[in-house]
Amino acid sequence: MLAVFALFAQSCAYDAIRADPPECATAQRLYVVGHGWHTGLVIKRSDLVELIPSLAVDLPAFEHLEIGWGDEAFYQAQRGTFALALRALFQSQSSALQVVPFFGPPHQHFPQSETVELCADEIMYRAVVSFIARSFMLDQDSRVIRLGRSQYGSGWFYRAEGAFSVRNTCNTWVAKALAQAGYPISTSAVRAEELLAEVRALPR
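Source: prediction; values computed, not measured. (Residues numbered from 1 in each chain as written. Predicted model: local features only at pLDDT ≥ 70, side-chain atom pairs only at ≥ 80, totals over all residues. Heavy atoms only, no water.)

1. What about the confidence of the model for the chain?
Then, number 1: When pLDDT is averaged along the chain, the result is 85, and 80% of the positions lie at 70 or above.
Then, number 2: With pLDDT under 50 throughout, residues 1-21 is counted as low confidence; its partners more than four residues away or in other chains account for 49 contacts. (pLDDT = per-residue confidence, 0-100. Contact = heavy atoms within 4.5 Å.)

Here it is in structure tokens:
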């Protein structure tokens, strides 16, 4: 069952629950996007590039970035296999971040995925951006390590910090980012539905 979970970690749900986002009273917004078994975060491109300038060349002049984290080999595979799934769950060698740039509102850019908007004050928002920035592995010149083209859109994969495992998945990574900002959320979620259920219940 664990292997089946991993094999579907990047699959997209086309019957997601969606609703018009509430009006934020705060200046900043964060977005959690659910693609079936996988979740990612959306932040403003300019704020991440401010912390990691070497991303500017790869991701010029876009408005938003969707960022997800996972096992390097499985995440980049065109087709997941049983062997890749097992290795990701129990013997992951390295991890990767997928960064996909886009323009416009996230719920319009990902119409077939569930997008949950969270309002955030400046401190909370910056905490999430900083968490994401620290997830990039940098070379000796403090530059990102580009791996290959993203699975969709015009983005890239980059080598990441952290070890993927059965207890530390893409959804755990998103939960940790939100917890870092002070949202009351468990950091033990490994399944997307676990995480999204908590995210939907957060005050907005």
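2. As for the pairing of strand β6 (residues 146-149)
Then, number 1: Relative to strand β7 (residues 156-160), β6 runs antiparallel, the two being bridged by three bridges. Opposite Gly148, over in β7, you have Phe157 as the bridge partner.
Then, number 2: Here β6 hands over to β7 after six residues, with Gly153 in that stretch at a positive phi of 70°. (Pairing = 2+ DSSP bridges. Helix = DSSP H or I, 4+ residues; strand = E, 2+ residues; numbered from the N terminus.)

3. A word on the side chain of Thr115
Then, number 1: Turning to its location among the elements, Thr115 is positioned in strand β5 (residues 114-120).
Then, number 2: When sequence neighbours within four positions are dropped, the list of residues in contact with Thr115 reads Tyr31, Val32, Val33, Pro106, His107 and Phe110.

4. Side note on the packing of aromatic side chains
Then, number 1: Within this structure, the stated rule accounts for six aromatic pairs.
Then, number 2: A centroid spacing of 5.4 Å and a plane angle of 75° characterise the contact between Phe102 and Phe110, whose relative ring orientation is edge-to-face. Just as Phe102 is buried, Phe110 falls in that class too. (Phe/Tyr/Trp six-rings, centres within 6.5 Å; stacked < 30°, edge-to-face > 60°. Buried < 20%, exposed > 50% of the residue type's maximum accessible area, 1.4 Å probe, protein only.)

5. Some thoughts on helix α6 (residues 122-134)
Then, number 1: With 13 residues, α6 should cover 18 Å at 1.5 Å per step; its first-to-last C-alpha distance of 18 Å lies within 8% of that length.
Then, number 2: Residues of α6 that are buried include every one of Met124, Tyr125, Ala127, Val128, Val129, Phe131, Ile132 and Ala133, and no others.
Then, number 3: Where α6 is buried, its residues meet β1 (28-35), β2 (38-44), α2 (45-51), β3 (64-71), β5 and α7 (170-180).
Then, number 4: Two or three places before Ile123, at the start of α6, stands the capping residue Asp121, its side-chain oxygen 3.1 Å from that residue's backbone nitrogen. (Expected span 1.5 Å × (residues − 1). Polar contact = N/O pair within 3.5 Å; in protein donor to acceptor, adjacent residues only side chain to side chain.)

6. Brief notes about the pattern of salt bridges
Then, number 1: Considering all chains together, one arrives at nine salt bridges under this definition.
Then, number 2: The salt bridge partner of Arg146 is Asp58, with a shortest N-O separation of 2.7 Å. Note that Arg146 is positioned in strand β6 and Asp58 in the loop between α2 and β3, a separation of 88 residues in sequence.
Then, number 3: Given the relative accessible area of 45%, Arg146 is considered partly exposed.
Then, number 4: With a closest N to O distance of 2.8 Å, Glu122 and Arg126 form a salt bridge. Linking Glu122 with Arg126, this pair stays in helix α6, spanning four residues, or about one helical turn.
Then, number 5: Residue class for Arg126 comes out partly exposed when judged on its relative accessible area of 30%. (Salt bridge = Lys/Arg side-chain N within 4 Å of Asp/Glu carboxyl O.)

7. With respect to the pairing of β7
Then, number 1: Burial analysis of β7 places four of its five residues in the buried class, the great majority of the element.
Then, number 2: Pairing of strand β4 (residues 95-102) with β7, which is carried by five bridges, proceeds in the antiparallel orientation. Each bridged residue has a counterpart across the sheet, and for Leu97 the counterpart in β7 is Tyr158.

8. A word on the environment of Ala133
Then, number 1: Along the chain, Ala133 turns up in helix α6.
Then, number 2: On the basis of relative accessible area, Ala133 is assigned to the buried category, the value being 14%.
Then, number 3: As a C-alpha pair, Ala133 and Asp47 span 86 residues in sequence and 9.8 Å in three-dimensional space.
Then, number 4: Leaving out residues up to four positions away in the same chain, Ala133 has contacts with Leu48, Leu51 and Ile52.

9. Some thoughts on the environment of Arg167
Then, number 1: One can find Arg167 in the loop between β7 and α7.
Then, number 2: Along the chain, Arg167 and Ser188 lie 21 residues apart, while their C-alpha atoms are 7.4 Å from each other.
Then, number 3: Ignoring anything within four residues of it in the chain, the contact list for Arg167 reads Thr172 and Val190.

10. A look at the environment of Arg146
Then, number 1: Linking Arg146 and Tyr158, residues twelve residues apart in sequence, is a C-alpha distance of 4.5 Å.
Then, number 2: Those residues in contact with Arg146, other than ones at most four positions away along the chain, are Asp58, Trp156, Phe157 and Tyr158.
Then, number 3: Of note is the side chain of Arg146, whose polar atom sits 2.7 Å from the side chain of Asp58.

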